[in-house]
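One letter stands for each residue in the lines below.
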Amino acid sequence: MSSKEKNLLQRARKLDSEALGMIYDTYSDKLYAYAVRRVGNAQQAEDFVAETFSRFLQALKSGGGPKDHLQAYLYRIAHNLITDHYRREPPPPLELDEDRYSEDLGQPADILTKQMKAERLQKALQHLTPGQQQVIMLKYIEGFSNQEIAETMEKSSGAVRSQAHRALASLERILVGEEDES
Amino acid sequence: MTNHNIQPELNKHLKALKEKVPQRDPEMAAKGRANFLSEVKELQAKKSTPRLAEIFAAIFSMSIQTNRRLATAVASILIAIVLTFGAVGGTVYASQDSLPNQTLYAVKTLTEDIRLRLAKQPEEKIRLLEMFAIRRVEELYTLSEKEGDFPQVTVTRLEQHTENMLILASVQEGKDLTQLLNQIRKSLQAQEEKIAILANTEHGNAVKELTQVQKKLREKIHLAEEGLDNPAAFRKKMRSTTPFTPVETLRPGKPEKTRTPENKRKPVDRGTPTWKGKPDQVGTPDHKGKPEEAGQPENKGKPKDPGKPDKKEKPNEPGPPDDKGKPEDPGPPDDKRGP
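Note that the structure is predicted; figures quoted are calculated from it, not measured. (Residues numbered from 1 in each chain as written. Chains lettered and ligands numbered in written order. Predicted model: local features only at pLDDT ≥ 70, side-chain atom pairs only at ≥ 80, totals over all residues. Heavy atoms only, no water.)

Q: I keep staring at the overall build of chain A and nothing clicks. Help me out?
A: The helix and strand inventory of chain A stands at nine helices and zero strands. Element order for chain A, N to C, with α for helix and β for strand: α-α-α-α-α-α-α-α-α. Residue burial in chain A is summarised as follows: out of 182 residues, 54% are buried. Just so you have it, chain A exposes about 8,400 Å², and 49% of that area is on carbon and sulfur atoms. (Helix = DSSP H or I, 4+ residues; strand = E, 2+ residues; numbered from the N terminus. Buried < 20%, exposed > 50% of the residue type's maximum accessible area, 1.4 Å probe, protein only. Areas by Shrake-Rupley, 256 points an atom, 1.4 Å probe, with all protein chains shown as cover.)

Q: How do you make sense of the overall build of chain B when you look at a structure like this?
A: Of regular secondary structure, chain B possesses 11 helices and zero strands. Listed by position from the N terminus, the elements making up chain B come as α-α-α-α-α-α-α-α-α-α-α. Counting all 339 residues of chain B, 42% fall into the buried class. Of the roughly 18,500 Å² that chain B leaves accessible, carbon and sulfur atoms contribute 56%.

Q: Even after reading the chapter, I still don't get the packing of helix α7 (residues 130-141) of chain A against helix α1 (residues 8-19) of chain B, so can you show me in this structure?
A: Between α7 of chain A and α1 of chain B, the shortest axis-to-axis distance is 10 Å and the interhelical angle comes to 80°. Regarding the angle of α7 of chain A to α1 of chain B, the classification is roughly perpendicular. The segment α7 of chain A lies against α1 of chain B, with Ile136, Met137, Tyr140 and Ile141 of chain A engaging Leu14, Leu17 and Lys18 of chain B. In terms of residue class, the contact of α7 of chain A with α1 of chain B is built from six nonpolar, no polar and one charged. (Axes fitted to C-alpha atoms, helices over the stretch in contact; angles between N-to-C directions. Parallel < 35°, antiparallel > 145°, perpendicular 65-115°, else oblique. Contact = heavy atoms within 4.5 Å. Nonpolar A, V, L, I, M, F, W, Y, C, P; charged D, E, K, R; others polar.)

Q: What exactly am I supposed to notice about the environment of Glu226 of chain B here?
A: Residues and elements named next belong to chain B. Relative to the assigned elements, Glu226 resides in helix α9 (residues 205-229). Distance from Glu226 to Lys237, taken between C-alpha atoms, is 9.9 Å for residues 11 residues apart in sequence. If we skip the residues at most four places from it in the chain, Glu226 touches Phe234 and Lys237.

Q: How do you make sense of the packing of aromatic side chains when you look at a structure like this?
A: Given two aromatic rings, one states the distance between the centres and the angle between the planes to describe the pair. This model, assessed by the stated rule, comprises six aromatic pairs over all chains. Seen in terms of ring centroids, Phe53 of chain A and Phe36 of chain B are 5.3 Å apart; in terms of plane orientation they differ by 65°. Their pairing is edge-to-face. On the criterion of chain membership, the pair formed by Phe53 of chain A in helix α3 (residues 42-61) and Phe36 of chain B in helix α2 (residues 26-48) is interchain, its members lying in two chains. Across this residue pair, the class does not change: Phe53 of chain A and Phe36 of chain B are buried. Here the aromatic residues Tyr24 and Phe53 of chain A together with Phe36 of chain B are joined through ring pairs into a cluster of three or more. (Phe/Tyr/Trp six-rings, centres within 6.5 Å; stacked < 30°, edge-to-face > 60°.)

Q: Whenever I open this one, helix α4 (residues 70-88) of chain A confuses me. Can you help?
A: The terminal C-alpha atoms of α4 of chain A lie 28 Å apart, and with 19 residues this matches the ideal 27 Å at 1.5 Å per residue to within 8%. Where burial is concerned, most of α4 of chain A is hidden: 17 out of the 19 residues are buried. (Expected span 1.5 Å × (residues − 1).)

Q: In this structure, what is going on with the interface of chain A and chain B? I would like to understand it.
A: It is common to give the size of an interface as the accessible area lost on bringing the parts into contact. Between chain A and chain B, the contact holds 51 residues from the first and 45 residues from the second. Taken together, both faces of the contact between chain A and chain B bury some 4,500 Å²; the carbon and sulfur share is 57%. On inspection of chain A and its partner chain B, the count reaches four salt bridges. Between Glu46 of chain A and Arg24 of chain B there is a salt bridge whose closest N-O contact spans 2.9 Å. Seen at the junction of chain A and chain B, the total is 10 residue pairs in polar contact (both at pLDDT 80 or more). (Buried area = accessible area lost by both parts, 1.4 Å probe. Salt bridge = Lys/Arg side-chain N within 4 Å of Asp/Glu carboxyl O. Polar contact = N/O pair within 3.5 Å; in protein donor to acceptor, adjacent residues only side chain to side chain.)

Q: Quick question: what am I supposed to make of the packing of helix α2 (residues 17-39) of chain A against α4 of chain A here?
A: Residue and element names in this part refer to chain A. Contact geometry for α2 and α4: axes closest at 10 Å, N-to-C directions at 30°. By the angle class used here, α2 and α4 are roughly parallel. Regarding α2 and α4, the two cross each other, and that crossing is right-handed. Contact with α2, carried on its side by Ile23, Tyr27, Lys30, Leu31, Tyr34, Ala35, Arg38 and Val39, involves Leu70, Gln71, Leu74, Tyr75, Ala78, His79, Ile82, Thr83, His85 and Tyr86 of α4 and no other residues of that element. (Left-handed = near helix turned anticlockwise from the far one by under 90°.)

Q: Any chance you could explain the pattern of salt bridges here in plain terms?
A: Opposite charge on two side chains makes pairing possible when the charged atoms of those side chains draw close. All chains considered together, the criterion is met by 21 salt bridges over all chains. Among the salt bridges present, the one from Lys123 of chain A reaches Glu119 of chain A, with a minimum N-O distance of 3.7 Å. Highlighted residues: Lys123 of chain A and Glu119 of chain A, both in helix α6 (residues 109-125), separated by four residues, approximately one helical turn. Given a relative accessible area of 13%, Glu119 of chain A falls into the buried group. Between Lys220 of chain B and Glu163 of chain B there is a salt bridge, with its nearest N and O atoms 3.9 Å apart. With Lys220 of chain B in helix α9 and Glu163 of chain B in helix α7 (residues 152-170), this residue pair connects regions lying 57 residues apart in the sequence. What makes Lys220 of chain B buried here is its relative accessible area of 6%.

Q: Looking at this structure, how should I read α7 of chain A?
A: Every α-helix carries 3.6 residues per turn, so stepping three or four residues along brings you back to the same face. Residues and elements named next belong to chain A. Here α7 is 12 residues long and its end C-alpha atoms lie 15 Å apart, about the 16 Å a rise of 1.5 Å per residue gives. Of all the 12 residues making up α7, 11 are buried; the element is thus mostly covered by neighbouring parts of the structure. Listed in full, the buried residues belonging to α7 are Gly131, Gln132, Gln133, Gln134, Val135, Ile136, Met137, Leu138, Lys139, Tyr140 and Ile141.

Function-wise, these values are silent; they only describe arrangement.
Written out as structure tokens, the structure reads:
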């Protein structure tokens, strides 16, 4: 944790508006991107961002919150919120609504293919365990290092590596199985 | 990112998802930021409210700087005020952020009970109970961050708050009932969601306890939903499952000081609301399972099947109040009027 971030967190604990505003500006877009990739819905992603920061604030108010690793802390809250969301709502079926893509035929084929792949992966991810989803998202999508993931998930780097390995294997099985079915 | 050992097809999927981020709506982003900062301001305002002792110190210091005789006079008056009101007020104020394992928690819960008792309208009481339920969940959050320990008093009070919201709503009619139940359902859902998140981050025994709390909250949400679907059945169920004094009697007044074993065991006629309460020893962990304003059902923890009323109880005639029950709210005296 850099001394700048340490200082920011120290000021945030005193509910300094400027510091909290800076924290919001630094992380809200990243958290939005994380949430929108997980849930695929802009409005829901905004709600998750808002709730994440609100919880962060409540934690600070009650003398809690992150001691260090602010980013890890915020991603952890966002992950928990999203996991809980999917716990209530069962994940959608794996198959894509191909008709939806036929409306976008004006777009180049490679863009459409990418969109379909992204959505397919998004749905496949929801069939993994919450921990596996988290490790895949952080490692391969958000580009976190094993150490950063370990801080976020509160696990050792070794545990993160083996979980990532298992998650990839499961994901491949799901995607291959889906293609075989279709 | 090291994707060298990933199957090419999977890699393509990952890459596609990585590139897929719709542009964030700037208006929504700005709105989110503004909301966050306004929440910050609210917290700042709450935190910066000066305590009586600080006001006293400031005024006294000002007086000393201007005139020694004036200082003595001001100090005397302030000491008198502080001794009569300030000490109590300061303690009450200081207790508001206390936790169940702290001495001032008893003051916090007592203040809540008094506020509840002073509220006249059921809507007002329900709003207070919602607020207290939020406090209990916040306490669980704080305790989990600090110690990972969940005192039973918090869990029990949370359950009492939520149950009493429904009981208070059940005596309403028509639009009022629908509105209150909708409000309660929304509030309970928010708390249940928070507990679920907390359970997700906890380990060991805490998960078990929190899952239990979550289950209870879900039961209450389900009850509120049933009330919206079928108000008559909901009312009947609330009556049959809780030896509760209807809302008309939840008025401020003198609490009955003593309870004889006879009147404790005497079944309460629903048509003649009777308050058998006495001030609760709030804040002490041993009041586990004691009711808040309403008495708790005897089979607390094992709610009766709502669809199957207890055969031992006659309709409109609830069972005897829990012998061990002590209400959270020092309630009003017996009200012999019918509903």
